[in-house]
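Residue-level listing of the chains:
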Amino acid sequence: MKYEDPQINAAAVALKKLFEKTDDKRSVLRAPELAALYDHLRTVPAGEQRAKFGKEVNQLKQELEKMVREAAQPKAEVSPIDVTAPFDINAPAPSLLPTTKGSKHPLMSELDNILNIFERMGFSAIESRQIDDDYHMFTSLNFPEDHPARDDYDTFMTDEGLIAPAHTSTMQNRVLKAGKKDLENGKPIAAVIPGRVFRNEDLDARHEHTFYQLEGVYVDKGINAGHLIATLKAFLEAYYGKSLRFKFQPYYFPFTEPSLEIILSCPFCEGKGCSVCSHVGWIEILGCGMIHPNVLKEAGIDPNVYTGFAWGGGIDRLVMMKYNIEDVRHFESGNLKFLRQFS
Amino acid sequence: MKMSLNWVKKFTDVHLPVNELIEKIGAQLGAVDEVIDIGKKYEGIVAAKVVECVKHPNADKLSICLIDDGGVVKDVKRNEKGLVEVVCGAPNVKAGQMVAWLPPGVTVPSTFDKDPFVLEARELRGVVSNGMIASARELALGDDHEGILVLGDNLKPGESFTKAYELDDVAIDIENKMFTHRPDLFGMLGIAREIAGIQHKLFKSPDWYREDADLNNDGRKNVLKLSVSNEVPGLVPRFCAIAIKDVKIEDSPVWLRTYLARIGVRPINNIVDLTNYFMLETAQPLHAYDYDKIKTGVLGVREAREGEQVTVIGGKTIKLKKGTIVITDGQKPIGLGGVMGGADTEVDKQTKNIVLEVATFDMNTTRRTAMEHGLFTDAATRFTKNQSPRQNRAVLVKAVAATKKIAGGRVASEIVDDKHFKTTPVTVKTTAEFINARLGLDLPAREMKQLLENVEFKVELDRDTLRVTVPFWRMDIEIAEDIVEEIGRLYGYDHLPPALPQRSIAPAEVNEELAFKARVRAELSAAGANEVLTYSFVHESLLSKTGQDIKNAYHIRNALSPDLQYYRVSLTPSLLDKVHPNIKNGFDSFGVYEMNKAHIKGILDDEKLPKEFNRLSLVLARKKPAPGAPFYRAKRYIEYLLSHNLGIAHSYIPVDESDGLPKEWQIAAAAYEPKRTAVIVASDKTILGIVGEPTPSAKNNLKLPAYTSQFELDMDAMKLKARPHPMYLPLNKYPETTQDICLRFPADISYAQAESFLFKALENASKPHGYQYWLKPIDIFQKPEDKAHKQITWHIILTHPERTLTTEEVNKLFDIIASDAKKELKAERI
């Protein structure tokens, strides 16, 4: 492109030469030649003359910007390769990364640990869904239509009205239905349900919209709240490898009656108070209760014959407490500085 | 729900020390969020009489007061008569008043929570002021700071202000979530009942709290016309109202203000304060209207109509939606039912006549209205818990009596009582056995009866059977399991005997999917890759940057963050997105992988729900390029995983040559450069996944290094094909012979063709002699000057299970292969 103004034309030639030579193509946009033109523009008397000069300077700038943009595009031409070959022509076989660099995600490792304990206790695992319907998320769990208890679960919804489950309880009805045959054959339903759940919340160091939960369900004849308490105690003591003290707090869930929250003496400070337990010596760890008869009924199980308990708790928090992780957002960050510490 | 311990004590004795009480509340009522020591906030404040009040010589607006505190405050300078000098800036201070004096050393209550201000003896324009005389605002008892708070004459100089107003109190904040189903626990009365119950003490509601409460016949005249017209009896089961004439609107008495303020409710005027007081006490919201502002003498209740609006207290104008319950003056809306009163009929300083309303609004409608307009008022909080319509009359009668006492006025109408609900109490029949079986207890029926009667259930006992009549304020008890909860909680969960369930020792079923994931995780991590987790939802821009069409993705309609607009349709883009930040962080060469789910709009499973594709994706990136196309690095990992570890036979088809690729793989392949991508196919044609390089535009958009490659695999297909364990071949006693063979092929012969030829040739040549063979490619070479050919070199290992091979027979075998190669593929042995 030719410029009428000799000063601009000279600058254009110089800048294009620079563009050819330099590796940092963007540097032409910062070049003193261009800045000088803008400085000069301010000294041109206002009116037609300035307008004309300004227009040409802008044209030059746009031309340069376009050149920079195009240079940034990778060469559109990708040469085809023989995808059936083990390695490229005239190239060595690529090697694997060194084993020492590899790592498992701490949430997944911890989930394995936890599932391992429950498997030893006789529980089978079933993974939770990541997209579900209102029936499984709420209705089958004894949430009446439009009930305010639904407000506690800030759920993500799709245009179709599908739900990103806010708790792993979304699998309860399926697990109970599937286990009905076992019950009739004299076998208890003993299941744990790990999975990813979602809450439509703003992110901060303590709140994630995406996290992992583990749900548990146990149903048989003659199951009572004492069994619930003993089972969760047994798990938590196995998990922390020490004996702990427990407190129970009444709670409300539509799908259990009665509902409780289990609080344990802080396993990191023996209940003396530390940063993990916010210096109170106790940690609220999971919600639980006796399965509501309506939930059993909804799965075709007679609540007068069978009773059961269920519980649920977050995995992220357990892992954060274990390693003293300061920010829950690290888990889904994909940051290798974080992840490689768990190799 | 914030409770005041002193308020609760009006209804039941509490002798437990506060810390024990809090423990007990936590264990048997609900989680305690916070305990606030009200006594500490008001510590050291003393009632004092202003004996003398003169103008400050050096300041127009200040007065110098001499106050009499009965000499109780220590360490303060007194004059010869024992009076204390305090400078006061309030225009209303006068000799003879009883005031709240904050002596030096005392903290100003309004500053207690944030930045405590401790008073001292301080000179104000040449006169020493010993502390201060407090205004209502400084005492955190309201907004009024025009003047000092004047106390009643019933106080004596020197009397503790804190004690006189029962401010030696503790506020306990219990998590609302615990009470989602307990309307009664949003009032002090209900909490008091429960606190008695968990201490195993008998509770009795005050006499006035009964369903059939009525006004005394006090010679009232129906001088103000009042009627209620309820068009939505299903949503408003009860609406009680009464008119009161000639009230005097003023500040509430100090005691009333202190009771509201201690649990965080702002005092406004006597009428509004009384409605709040009884709401806090009984959980039943009340509302007061200025009778004369209603004009019609009619309160209508109906659903809002399209286009209507109402201005609520505080001045916010709300566009009403259909389905919202409104209160009208018979014509136009004047309030949001159950949520907030209207500004047009608000009680103010000029109000003479009022209407008191005690109504019940449907929980779900109230909830929707509150959420729609973001009006989470105290009334809405209570109505959304399903308040009982059977308490309205008791609350109204009590509030009328208090109004007359505090604001004067006389009853000017009948109680208008519009009601549409069942009055028969709920009864539940159950047995001690049923309850014990669910709690693991062995409680006798009569002990259960006592626990329930303590909180005013009526219980008839017939041997083991309990016939329980539910008190009118409990809306949550319907079935026997609700009684189980009641007994368990009142008895104390801490006392339930723990026992592990008994079951057979049959092994629990293993979850194959999770076990397979664990296996893949172990293999990939051992190969130096890093497992990541990334969000299931992605920003629209990530989809478009990687060439994915948003029409295939489920759209999230209510995400708070734009980063979470769509369910992802494949995992690879999420992982590509993690490359640049890590490169920037100084990682030069790495591989990140994830096992997670993808969802594609329109592809459903057996439940008619979106099919959950279980996928594994790995992305390998290297800041500086290595020789050869990056594709082969990803392929190296496929071989490691599928061939080496899982033993899955598979082949590679260039994606642009593969016909009939299923939709889900076409979608995933959109992020892959077609010229450098292969579909991985099992021997039975099952598609295992795709491997390739990102498209140039994805590379550009995500700032990926040139040397980036990736794969995405179907975990379910892999699991089905994976061998359960490694294959074993008996060890050979005889030495193996290794020899390289290099063949020059025409350039258009693919490696796969060359290799399959070699396999076939080896097989044909070996079979008659019983040789065993392995081959491994070691080099693919092309001379720069001869692009028409390429040379492939393999390492071939030969053995025989029964003897040592001779050089001659090996050479012979290689010669046969070479001549076959020439015949079939025009390949020369080099």
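In this text, all values refer to a predicted model and were calculated from it rather than measured experimentally.

Asks: Looking at this model, I keep getting lost on the overall build of chain A. Mind explaining?
Replies: Within chain A one finds ten helices and nine strands. Radius of gyration (C-alpha) of chain A: 32 Å, far over the 20 Å computed for a compact globule of 343 residues. Projecting the C-alpha coordinates of chain A onto the three principal axes gives extents of approximately 95 × 55 × 45 Å. In chain A, the share of contacts with a sequence separation of at least 24, taken over all contacts with a separation of at least 6, comes to 66%.

Asks: Before we go on, may I ask you to explain the domain arrangement of chain B in this structure?
Replies: All names here are of chain B. Split by domain assignment, chain B resolves into domain 1 (2-39 + 170-198), domain 2 (43-164), domain 3 (227-419), domain 4 (427-492), domain 5 (512-721) and domain 6 (737-829). If you average the C-alpha positions of domain 1 and of domain 4, the two centres end up 22 Å apart. In terms of residue class, the side of domain 1 that touches domain 4 is made up of four nonpolar, four polar and four charged.

Asks: Sorry if this is basic, but what is going on with the nonpolar core here?
Replies: Nonpolar side chains tend toward joint burial in soluble globular proteins. Within the largest apolar cluster, 309 residues are counted, with the highest numbers of intra-cluster contacts made by Val355(B), Leu356(B) and Ile690(B). Ignoring anything within four residues of it in the chain, the contact list for Val355(B) reads Leu226(B), Ala241(B), Ile242(B), Ala243(B), Ala288(B), Tyr289(B), Tyr291(B), Ile294(B) and Leu299(B). If you look at the next biggest cluster of nonpolar residues, it comprises ten residues, including Ile8(A), Leu15(A), Leu37(A) and Leu60(A).

Asks: Help me understand the pairing of strand 6 (residues 246-251) of chain A, please; the structure alone is not making it clear to me.
Replies: A regular strand carries its side chains on alternate faces of the sheet. All names here are of chain A. In the sheet, strand 6 pairs with strand 7 (residues 256-265) via six bridges, with the strands oriented antiparallel. Directly across from Tyr251, in strand 7, lies its bridge partner Ser259. Between the end of strand 6 and the start of strand 7, which pair antiparallel, lie four residues.

Asks: Got a minute to help me understand helix 7 (residues 225-240) of chain A in this structure?
Replies: Because an α-helix packs 3.6 residues into every turn, residues spaced three or four apart end up facing the same way. Residue and element names in this part refer to chain A. Spanning 16 residues, helix 7 covers 23 Å between terminal C-alpha atoms, matching the ideal 22 Å at 1.5 Å per step. Listed as buried for helix 7 are Ala225, Gly226, His227, Leu228, Ile229, Thr231, Leu232, Phe235 and Leu236. After helix 7 finishes, the residue Gly241 shows a positive phi value of roughly 65°.

Calculation rules
Residues numbered from 1 in each chain as written. Chains lettered and ligands numbered in written order. Predicted model: local features only at pLDDT ≥ 70, side-chain atom pairs only at ≥ 80, totals over all residues. Helix = DSSP H or I, 4+ residues; strand = E, 2+ residues; numbered from the N terminus. Rg over C-alpha atoms; globule rule 2.2 N^0.38 Å. Contact = placed C-beta atoms within 7 Å. Domains from an automatic or database assignment. Nonpolar A, V, L, I, M, F, W, Y, C, P; charged D, E, K, R; others polar. Core = buried A, V, L, I, M, F, W, Y, C linked by C-beta atoms within 7 Å. Buried ≥ 20, exposed ≤ 12 C-beta atoms within 10 Å, placed from the backbone. Pairing = 2+ DSSP bridges. Expected span 1.5 Å × (residues − 1).

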